[in-house]
Protein chains: 2
Amino acid sequence: MSLDIAQQGLRERKRIATRRAIESAAINLVVEKGLENVTIDEISHRADVSPRTFFNYFASKEAALLGESPELPVDGSVARFVDGELGSSALEGLGELISTASEDSREDAETHTLRFALLRQYPQLFTLRMTAMRDFEEELASVVAERLRHDEPTLDDDARRSKAKLITLVAFGVIRHSWSCWAENESAMTLSERMKESFAQLPGILSAGAA
Amino acid sequence: MSLDIAQQGLRERKRIATRRAIESAAINLVVEKGLENVTIDEISHRADVSPRTFFNYFASKEAALLGESPELPVDGSVARFVDGELGSSALEGLGELISTASEDSREDAETHTLRFALLRQYPQLFTLRMTAMRDFEEELASVVAERLRHDEPTLDDDARRSKAKLITLVAFGVIRHSWSCWAENESAMTLSERMKESFAQLPGILSAGAA
DNA sequence: TACATTCTTGCACTGCCTGCAAAAAAATCG
DNA sequence: CGATTTTTTTGCAGGCAGTGCAAGAATGTA
C-alpha cells in the first residue's frame, strides 16, 4: 500500500506533491475565505506554482476542491458482490459495496475532513461531484450487470444492461438521500452509516400502499 | 391558455418576445455549429440584442438552452396525487405524476423539439438540467410528504419528510434511467412512455434475490 | 405633456481558461 | 561527468464569461 508512492523517480514524486499542494491550498483558502472569494491566482500563489501550472493539474477551481474521482474498491469486495455473496439482492449488495467503499480514502486525513466539510457547506460542490460520477456510474453499472448474470442467468443481454443501469441509478438516488440527511443533521452518524440506513429504508417505499 | 400571453402591456409582451428570441437564437446556433463553437456574442447578435442584455435574461449560454425550470402541473393532478387517487403507492403515483407532466409544454413546438435534440446530443446539458432540478425536487418532496400524510397518518414528521425525500430521489433515479434508455435508442418511444416503462420495472429490482 | 418606472446598452473591469514557445528540471545514455 | 532527450513549468497574449454602473431609450401613468 504505502509502496504505491515509492520511488517511481523524482519526477513522479514531485508531480504528486504539486497536486497535493494545490489541492490543499485550494481547500484551505476556501475554508478561510469562502468559495466565491478565492481565485485561481491566490490558490496558485499559496501552492507556490504559477497560475498557468494550476491548469496543468486541474481544469477548474472546483476540480481542485473535489480531488480525484471515486474508483471501485480493490479489496475483493467487488468480486464478492459479483458472485452474489454481498447482499441478498443486487441492489442491496450494491448498497453495501458503496457504503463500505466510501470509508476508505487514500489521502491525508485532514484534507479529507475539510473536503467533506466543504461538500457539506456548498451543495453546488456536491452536485458537481455527482456530475463527475458519471464515469463511475458506468463502471458500477457493468459490475451490476455481472452480478445479474449470476443472479438471473436467463435474462437476455439488453434487459440485463437496462436493469443494471436502473439498479445503479436508483442506488445513486439513495446515496443522494443519505447525503442530504447527513448534511442536514449536524454531526449525527458517519456518512457510511447513514447510507446503510437509507438503503434499509428502501424496501419500505415500494410496498407501502394506500391507507 | 392562449390568454396567458394576452395584453399585460407592451412591456411584458416585449420581454417575453426577447426571451424567446434569445432562446431560439441560442438553440438554433448550437444546432448549426455545435455547443462549443457558439459564443454569447453570436447569440445576442442573432437575437438582435446587446450581449449585455443577454445576461439580463439568462445567467449563461446553457441556461438559455435549457429554458425555464419545470414546475408542478396545474391541472389538478397534484391534488389527486396527494389524495391517494394516483398510483397504489406514493412512489408509483409520483411516477405517473411526473411522466404525465413531462408531456405538456407551454412553448413553441419546434423549439421544444430542438431542445430535446440538444439534450440528447449533449449529456452535459441533461446533467445541468438535473442539477437545475434541485428546487423542483424540494417542491416534489413536500408534495410527496403530503401524500404520505394521507397514506400513513401514523408517521411522525421527521420520518415522513425523510421518507418523502427518499421516494423523490429514487424517482429521479428512475427518470435518469428513462432518459438514458430514451437517449440511446434512436427514436423508439416517447420519453413519457419510456418513463412509465422504467417505473414499471422498479418493483422487480428489489425483490429479485440470489439464484 | 410631464413624470416615474423599467429596460437596454456601452464601458470598464475582473476572472477563467487555452495555445504556444522558451526556459528549467529531470531522465537517459555514452 | 557531460551531452542529449523528454517532461514540466512558466510567461505571455488573447478570447470568452460574467458583473456593476450610469446614461439613455422605451414604456407606463396621469
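A brief look at the structure comes next.

The rules behind the values
- Residues numbered from 1 in each chain as written.
- Chains lettered and ligands numbered in written order.
- Predicted model: local features only at pLDDT ≥ 70, side-chain atom pairs only at ≥ 80, totals over all residues.
- Heavy atoms only, no water.
- Near = heavy atom within 4 Å.
- Polar contact = N/O pair within 3.5 Å; in protein donor to acceptor, adjacent residues only side chain to side chain.
- Helix = DSSP H or I, 4+ residues; strand = E, 2+ residues; numbered from the N terminus.
- Axes fitted to C-alpha atoms, helices over the stretch in contact; angles between N-to-C directions.
- Parallel < 35°, antiparallel > 145°, perpendicular 65-115°, else oblique.
- Contact = heavy atoms within 4.5 Å.
- Nonpolar A, V, L, I, M, F, W, Y, C, P; charged D, E, K, R; others polar.
- Salt bridge = Lys/Arg side-chain N within 4 Å of Asp/Glu carboxyl O.
- Buried < 20%, exposed > 50% of the residue type's maximum accessible area, 1.4 Å probe, protein only.
- Phe/Tyr/Trp six-rings, centres within 6.5 Å; stacked < 30°, edge-to-face > 60°.
- Lys NZ or Arg CZ within 6 Å of the ring centre and 35° of its normal.
- Core = buried A, V, L, I, M, F, W, Y, C linked by side-chain atoms within 4.5 Å.
- 1 Å grid on protein atoms, 1.4 Å probe; cavity = no way out; pocket = protein on both sides within 12 Å on 5 of 7 lines; lining within 4 Å.
- Points joined across faces, edges and corners; volume = space filled by probe spheres on them.
- Expected span 1.5 Å × (residues − 1).

**A short note on the protein's contact with DNA strand C**
Phase 1: Taken together, 19 residues lie around DNA strand C, and Leu10, Arg11, Lys14 and Arg52 of chain A together with Thr53 of chain B are the ones closest in.
Phase 2: Atoms of DNA strand C within 4 Å of the protein: sugar and phosphate make up 62%, bases the balance.
Phase 3: Between Leu10 of chain A and DNA strand C, the recorded distance is 2.8 Å, taken from a backbone N or O atom to a phosphate oxygen.
Phase 4: In this structure, Lys14 of chain A approaches DNA strand C through a side-chain N or O atom, which is 2.3 Å from a phosphate oxygen.
Phase 5: Elements with a minimum of two residues in the surface near DNA strand C: helix 1 (10–33) and helix 3 (51–57) of chain A together with helix 1 (10–33) and helix 3 (51–57) of chain B.
Phase 6: Of all the elements, helix 3 of chain B adds the most residues to the surface near DNA strand C, at four residues.

**A look at the packing of helix 7 (residues 109–121) of chain A against helix 10 (residues 157–184) of chain A**
Residue and element names in this part refer to chain A.
Phase 1: Remark: helix 7 packs on helix 10, axes separated minimally by 10 Å, with the N-to-C direction vectors making an angle of 95°. Our classification of the angle between helix 7 and helix 10 gives roughly perpendicular. Contacts between helix 7 and helix 10 pair Phe116, Leu119 and Arg120 from the former with Trp179, Trp182 and Ala183 from the latter.
Phase 2: Per-class residue counts for the contact of helix 7 with helix 10 are five nonpolar, no polar and one charged.

**Notes on the pattern of salt bridges**
Two side chains bearing opposite charge may form a pair once their charged atoms approach each other closely.
All names here are of chain A.
Phase 1: For the coordinates displayed, the defined rule picks out 22 salt bridges over all chains.
Phase 2: Arg160 is paired through a salt bridge with Asp157; the nearest N and O atoms lie 2.7 Å apart. Here the residue Arg160 and the residue Asp157 both occupy positions in helix 10, the gap between them amounting to three residues, near one helical turn.
Phase 3: What makes Arg160 buried here is its relative accessible area of 5%.
Phase 4: Each member of the salt-bridge network shares a partner with another, and the members are Arg19, Glu23 and Arg115.

**Some thoughts on the packing of aromatic side chains**
Residues and elements named next belong to chain A.
Phase 1: Per the stated rule, a full pass over the model turns up 13 aromatic pairs over all chains.
Phase 2: Arranged with centres 6.0 Å apart and planes meeting at 50°, the rings of Phe116 and Trp179 form a pair that is tilted. One end of the pair, Phe116, is in helix 7; the other, Trp179, is in helix 10, with 63 residues separating them in the sequence. Both residues of the pair, Phe116 and Trp179, belong to the buried class.
Phase 3: An angle of 85° between the planes, with centres 5.8 Å apart, marks the rings of Phe116 and Trp182 as edge-to-face. Residue Phe116 is located in helix 7, and its partner Trp182 is located in helix 10; the two are separated by 66 residues in the primary sequence.
Phase 4: Owing to a relative accessible area of 12%, Trp182 belongs among the buried residues under this scheme.
Phase 5: Aromatic rings pair up to connect Phe116, Phe126, Trp179 and Trp182 into one cluster.
Phase 6: Cation over ring: Arg120 sits above Trp182, and NZ or CZ is 4.0 Å from the ring centre.

**Points about the nonpolar core**
For soluble globular proteins, the rule of thumb is that nonpolar side chains tend to be buried together.
Phase 1: By size, the foremost hydrophobic cluster in this structure holds 115 residues, and its most contacted members are Ile22, Leu94 and Val170 of chain A together with Ile22, Leu94 and Val170 of chain B.
Phase 2: What Val170 of chain A contacts, discounting residues up to four positions off in sequence, is Leu91 and Leu202 of chain A together with Val170, Val174, Leu202 and Ile205 of chain B.

**Description of the protein's contact with DNA strand D**
Phase 1: Around DNA strand D, a shell composed of 19 residues is seen, among which Thr53 of chain A together with Leu10, Arg11, Lys14 and Arg52 of chain B lie nearest.
Phase 2: Atoms of DNA strand D within 4 Å of the protein belong to the sugar or the phosphate in 62% of instances, the rest to bases.
Phase 3: A distance of 2.6 Å is found between a phosphate oxygen of DNA strand D and a side-chain nitrogen or oxygen belonging to Thr53 of chain A.
Phase 4: The separation between a base oxygen of DNA strand D and a polar side-chain atom of Arg11 of chain B is 2.7 Å.

**A closer look at empty space enclosed by the protein**
Phase 1: The full count for this structure, using the stated rule, is three cavities of 30 Å³ or more.
Phase 2: The volume enclosed by the largest cavity comes to roughly 320 Å³.
Phase 3: Met130 and Arg176 of chain A together with Met130, Thr131 and Arg176 of chain B are, among the 20 residues lining the largest cavity, the residues nearest its centre.
Phase 4: Mapped onto the lining of the largest cavity, the elements with two or more residues apiece are helix 8 (123–132), helix 9 (134–151) and helix 10 of chain A together with helix 8 (123–132), helix 9 (134–151) and helix 10 (157–184) of chain B.
Phase 5: Looking at side-chain class alone, the lining of the largest cavity contains eight nonpolar, six polar and six charged residues.

**Regarding helix 10 of chain B**
Structurally, the α-helix is built with 3.6 residues per turn, so residues lying three or four positions apart point the same way.
Residue and element names in this part refer to chain B.
Phase 1: Helix length check: helix 10 (28 residues) gives 41 Å between terminal C-alpha atoms against 40 Å at 1.5 Å per residue, within 8%.
Phase 2: Judged by how many residues are buried, helix 10 sits mostly within the fold: 21 of 28 residues are covered.
Phase 3: With a side-chain oxygen lying 3.2 Å from the backbone nitrogen of Asp158, the N-terminal cap of helix 10 falls on Asp156.

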